Amino acid sequence: MSIQITCPNCGQRPIEEFIYGEIFNVPDTITELDERDFDRAFMHDNPEGPVTERWFHSHGCRRWMTMCRDTRNDQILEKIIIDK
Amino acid sequence: MNKNIERTVHLEWKEPNASYDVIIIGGGGHGLATAYYLATRHGITNVAVIERKYIGAGNSGRNTAIIRANYGIPEAVRFYQRSVELYAGLENETNRKITHKQKGLLTMAHSEAGIRTERARAEVNKAFGAETVYIEPDEIKKICPQLDMSGGGIWPIMGASYHPGGSTAHHDRVVWTYAEGAMLRGVHIHQRTAVRGLIMNGDRVTGVETNRGSISAGIVVSAVGGHVTTIASMAGLRLPIRTHPLQAFVTNRYALQLKPIVMTADLLTYASQTAKGEILIGAEIDRQPSYSYNSGHHFIQSCTHRAMTVLPFLRNLRILRQWTGVCDMSPDYSPIMGKTGVSGFYITTGWGTWGFKAIPVGGEQMAALIATEKTPELIVPFSLSRFAKDRTMADRGSAGTH
């Protein structure tokens, strides 16, 4: 039992073929530019629940795609969309 | 689970008070050790440890129980060496068995770069209080005859650092021993009590909201493992932590003795023998940030292949059990301990895949911080503020897998 990602180009492939890409959400409450840079460099939302993230199919079509996954059970919640 | 604990240690469960001097969120090794050292070293006993499941249900019950101090930077060597010493004395101090066994640790080099790393590790260790020597293949083979020195023909073992202080213990017994030691001195431990929120009085944390009601506290400490960002966000605190699953598995009983703990950094795998004779094997974290405890087939496939490269006898063993923990990974693979910038709220986190070995020193140092309100010198390098000050304690090569 391993996590499968349905790549729109390549079909259902094991997660080991992909590289993870976090989407950084710097809180709007942080307004100072240096502090925003620091937050982007180090801080994580790291939520328990649905998260929008990107995966790069390094061992396949080599395209970035965006999806929504629930980190509590690794269920992929929405259709996976490849970057244009 | 509780019947087994009750045969080993004596635990008494009480109803929560309305308030405590100190509330520790998280009934794992770090939280319980903190409570134990608060009670035994500082006489602070009006303390509650709040655990949402049962003690040791999290990473403390899921690790591969390796104790070592063979890290690559001075701050880490000093810190983990203190823990090696505390672990060595724990059975005597508590009059309880934790199946502690000092057996030595081999960290093998399969390349010139690996040789340089292990030579450097030995020198840094020696300089800062830990015992480690660089050894050549003939000595490696003497220490661990089961090794395939050719590394399956692909990963020849060219050298290794040998750390005599490398030890193993029984992770659950460590948890239960600290729990009992704290409880005997008046600390309360509340299982099946989940923290839903932090009570704030202005800027200061003054208690916790739980599924069993509100409890106020002078100081609240988070000793939570993988789920730490959830707790921190209750205080409006962002953390440089990302949670990743870490898998491990254990084989059936191996009839001979695997003397040392065997680690191969290049192959990112390590193995040790349990008290029951089984071989316990671990490797690297999963690539996806996740809180899921699902174990996977790929891990077994990849990890067994690497382990068998250096320990071919594994071929004849069966996998009994596979499991997962969720690790709070920090950017520099070093822990994050101390004040948070939020008044009344301390934290011990960033234990990633390297937390078990530090349970005693982590507890000892956090207790000293709580008691004196001053960050002890040994953990100043691990402050949360280090990232903003560009003083990261980067030591991924040493923390890597365990």
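Before reading further, recall that the structure is shown in the block above.
Everything numeric here is computed off the predicted structure, so don't read it as measured data.

*Asks:* Can you break down helix α4 (residues 112-127) of chain B residue by residue, with the values?
*Replies:* Residue and element names in this part refer to chain B. If you check α4, its first and last C-alpha atoms are 23 Å apart, about what 16 residues at 1.5 Å a residue would give, namely 22 Å. Along α4, the residues that are buried comprise Gly 114, Thr 117, Glu 118, Arg 121, Ala 122, Val 124 and Asn 125. Buried residues along α4 sit against α3 (74-94), β5 (105-109), β6 (133-135), β7 (159-163) and α10 (396-399). Phi turns positive one or two residues past the end of α4, at Gly 129, with a value near 105°.

*Asks:* I'd love a proper account of the sheet that holds strand β14 (residues 261-264) of chain B, names of residues and values included.
*Replies:* All names here are of chain B. Taken together, the eight strands give an open sheet; going across it, the order is β6-β7-β5-β14-β15-β16-β13-β17, and neighbouring strands pair in mixed fashion. Looking along the sheet, the strands with just one partner apiece sit at the ends: β6 and β17 (319-329). Sheet twist, expressed as the mean angle between neighbouring strand axes with direction ignored, is 20°. Judged from the three bridges that link them, β14 and strand β15 (residues 269-273) form a sheet pairing that is antiparallel. Looking at β15, one finds that Val 262 is bridged to Ala 271.

*Asks:* Give me the interface of chain A and chain B: which residues, what numbers.
*Replies:* By a frequent convention, interface size equals the accessible area lost on bringing the separate parts together. In this assembly, 18 residues from chain A lie in contact with 22 residues from chain B. It is helix α1 (residues 33-42) of chain A that contributes the most residues to the side of chain A that touches chain B, three residues altogether. Classifying every residue of the side of chain A that touches chain B by side-chain character gives eight nonpolar, five polar and five charged.

*Asks:* How would you sum up the sheet that holds strand β4 (residues 101-102) of chain B? Please name residues and give values.
*Replies:* Residues and elements named next belong to chain B. Taken together, three strands build an open sheet; the order of strands is β3-β8-β4 and the sheet is antiparallel. The outermost strands of the open sheet, each flanked by one partner alone, are β3 (66-67) and β4. Sheet topology places β3 next to strand β8 (residues 167-168); two bridges connect them, and they run antiparallel. Paired with Ile 66 across the bridge in β8 is Thr 168.

*Asks:* Outline helix α6 (residues 171-184) of chain B, supporting the account with residue identities and numerical values.
*Replies:* Residue and element names in this part refer to chain B. The terminal C-alpha atoms of α6 lie 20 Å apart, and with 14 residues this matches the ideal 20 Å at 1.5 Å per residue to within 8%. Within α6, 13 of the 14 residues are buried, leaving the element largely enclosed by the surrounding structure. Phi turns positive one or two residues past the end of α6, at Gly 186, with a value near 105°.

Parameters at a glance
Residues numbered from 1 in each chain as written. Chains lettered and ligands numbered in written order. Predicted model: local features only at pLDDT ≥ 70, side-chain atom pairs only at ≥ 80, totals over all residues. Helix = DSSP H or I, 4+ residues; strand = E, 2+ residues; numbered from the N terminus. Expected span 1.5 Å × (residues − 1). Buried ≥ 20, exposed ≤ 12 C-beta atoms within 10 Å, placed from the backbone. Contact = placed C-beta atoms within 7 Å. Pairing = 2+ DSSP bridges. Axes fitted to C-alpha atoms, helices over the stretch in contact; angles between N-to-C directions. Nonpolar A, V, L, I, M, F, W, Y, C, P; charged D, E, K, R; others polar.

Honestly, that's just the spatial picture; any functional story needs more than this.
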